[in-house]
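Below, each chain spelled out in residue letters.
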Amino acid sequence: LAVWDIIASYRAAASAAGSTDFYEKAAIAAATVTTPPADHVLVDEAQDLGPCRLKLLRALAAEGPDDLFLAEDAHQRIYGPKITLGRYGIQIRGRARRLTLNYRTTQQNLLYALGILSGEDYTDMDEEAVVASTGSRSARSGPVPQVEGAASLSALYDKVAEKMRGWRDAGVAPGSIGLLVPTRKEAENLPRALGDRDVSVAYVGRDGSASGDTPAVMTMHRSKGMEFAKVILVGIGEKSLPRSYLLEGVAEEDRADVLQRERSLLYVAATRARDELVVIYAGEPSRLLP
């Protein structure tokens, strides 16, 4: 009853404001469509879609040959719970195909990133098991990822600054460098800490865009869909990842899914690097690292 009281209060407040949230808009749109407006719908990053958006997709195109084309990667599911397409009227059984060739990152970076997923059970949106290492390969080769520990946060900043100055002196294009961190607070603090060490970087928030002439600092979530020639994963220590506040008060049966999404987030961040990947942590390394 308490849950329904909260829902009723939320609905009353939304009605008074004349507004709906993004998920409700998708549900309303799906219920409103009487004649599908599209013959075909193509969707990227489908693993992050929720039930309301899937219902809207189903409503946009009538069922038929090649009605929906969905590209998804179960290993990159960092938002929301696991979804099964068949529950929302999208039937793909027998028509799914797995892509295994990676064009973005090097074979060395790919193998490191796949090591982050090792030991986890992943399923796609058709409830088929997806084994991370099976058949995955890259079209390019490069240096082996570097993993470095620091005794303190100050020492971590020193290591990051040293690596950045080395790239700067070697003529690496500043805009081709990305520094990725677990939380927004860390992303906001990093430019000041590096500025004190004669390294200029810029924080890119949720609504911002990376500059072509300055190294970009952003959260791992913000980096999704991005790519950089060189990436430093900053602060990947045991106290930073998995993020403890996400696990506080979580029911035991839900903890495994939260931890899997944290692992997927680290995988996403590691695969933003096209050529060179560096991981730096303070104290003990995160248990999610290979």
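One can find the structure itself at the top, above this paragraph.
First, a word on what this report is: a plain description of the structure on this page. Everything numeric in this text was worked out from a predicted model, so none of it was measured. (Residues numbered from 1 in each chain as written. Predicted model: local features only at pLDDT ≥ 70, side-chain atom pairs only at ≥ 80, totals over all residues. Heavy atoms only, no water.)

## Here's the deal with the side chain of T271
Argument step 1. Note that T271 resides in the loop between α8 (252-270) and β12 (273-282).
Argument step 2. Within the structure, the side chain of T271 is placed 3.0 Å from the side chain of R272, a separation counted as a polar contact. (Helix = DSSP H or I, 4+ residues; strand = E, 2+ residues; numbered from the N terminus. Polar contact = N/O pair within 3.5 Å; in protein donor to acceptor, adjacent residues only side chain to side chain.)

## Points about unusual backbone geometry
Argument step 1. The linkage connecting L241 with the following residue, P242, adopts the cis geometry, with an omega of 0°.
Argument step 2. Within the secondary structure, P242 sits in the loop between β11 (228-234) and α7 (244-247).
Argument step 3. One non-glycine residue, E45, lies in positive phi territory at about 55°.
Argument step 4. As for its position among the elements, E45 is in the loop between β1 (41-43) and α3 (51-60).
Argument step 5. A relative accessible area of 29% places E45 in the partly exposed class.
Argument step 6. One non-glycine residue, D66, lies in the positive phi region at around 55°.
Argument step 7. In this structure, D66 sits in the loop between α3 and β2 (68-70). (Buried < 20%, exposed > 50% of the residue type's maximum accessible area, 1.4 Å probe, protein only.)

## Points about the sheet that holds strand β10 (residues 216-219)
Pairing between the strands of a sheet comes from backbone hydrogen bonds, and it takes one of two forms, parallel or antiparallel.
Argument step 1. Within the open sheet, the 6 strands sit side by side as β7-β12-β11-β8-β10-β9. Their pairing is parallel. Looking at strand neighbours, the two that pair on one side only are β7 (146-150) and β9 (202-203), the edges of this open sheet.
Argument step 2. Each of β7 and β12 touches helix α4 (residues 107-117); the most contacted strand, β12, lies at about 45° to it. (Pairing = 2+ DSSP bridges. Contact = heavy atoms within 4.5 Å. Axes fitted to C-alpha atoms, helices over the stretch in contact; angles between N-to-C directions.)

## Digging into the pattern of salt bridges
It is possible for side chains of opposite charge to pair when their charged atoms get near one another.
Argument step 1. Counted by the stated rule, this structure contains 15 salt bridges.
Argument step 2. Note that R11 is salt-bridged to E24, the shortest N-O span being 1.7 Å. In this pair, R11 sits in helix α1 (residues 2-17) while E24 sits in helix α2 (residues 22-32), placing the two residues 13 residues apart along the sequence.
Argument step 3. With relative accessibility at 42%, the residue R11 sits in the partly exposed group.
Argument step 4. For E24, a relative accessible area of 15% translates into the label buried.
Argument step 5. We note a salt bridge from R140 to D275, for which the minimum N-O separation is 2.8 Å. Here D275 lies in strand β12 and R140 lies in strand β6 (residues 137-140), a separation of 135 residues in the sequence.
Argument step 6. Within this structure, E45, D48 and K224 form a network of salt bridges that share partners. (Salt bridge = Lys/Arg side-chain N within 4 Å of Asp/Glu carboxyl O.)

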